[in-house]
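# Remarks on the overall topology
Spelled out from the first residue to the last, the chains are:
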Amino acid sequence: QLEGKSGILAIYGLVVAALIIQSLYPAPKYTLFMSFCDFAAGLSVGICGLASGFAIGIVGDAGVRSTAQQPKLFVGMILILIFAEVLGLYGLIVGIILHIRITTKATS
């Protein structure tokens, strides 16, 4: 059940990588500000994905052990896993906001 839970975190990284690749320009048009925003977008998704993966692993391990002893804890474990997954989603949102900031800056 928990095996596919952290696979979506890799998809978040692929989405931001695809957005960054589409916005690359030749050197004079691609400024230092744009490159640092792209770096920050990738870094935010990566670090949030790493933290989310650790949280999912720790909660999943403790949750499976506690659910084996007390089956009533299953719903609580799933809720905590959802909260851990949202950490990665926050990183994706921040990465997309940073990327939108670059594209609006490049077009103006």
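Being a predicted model, the structure only gives us computed values, none of them experimental.

### Here's the deal with the environment of Pro-71
The residue Pro-71 is located in the loop between helix 2 (32-69) and helix 3 (74-107) in this model. Taking relative accessible area as the criterion, Pro-71 reaches 60% and is therefore assigned exposed. Measuring from C-alpha to C-alpha, the distance between Pro-71 and Met-34 comes to 51 Å, with 37 residues separating the pair along the chain.

### Observations concerning the pattern of salt bridges
When the charged atoms of two side chains with opposite charge come close together, those side chains can pair. Enumeration over the complete set of coordinates arrives at one salt bridge. Notably, a salt bridge pairs Asp-61 with Arg-65, separated by 3.0 Å at the nearest N-O pair. Placement of both Asp-61 and Arg-65 in helix 2 is noted, with a separation of four residues, approximately one turn of the helix.

How each quantity is defined
- Residues numbered from 1 in each chain as written.
- Predicted model: local features only at pLDDT ≥ 70, side-chain atom pairs only at ≥ 80, totals over all residues.
- Heavy atoms only, no water.
- Helix = DSSP H or I, 4+ residues; strand = E, 2+ residues; numbered from the N terminus.
- Buried < 20%, exposed > 50% of the residue type's maximum accessible area, 1.4 Å probe, protein only.
- Salt bridge = Lys/Arg side-chain N within 4 Å of Asp/Glu carboxyl O.

Keep in mind these numbers describe shape, not what the thing actually does.
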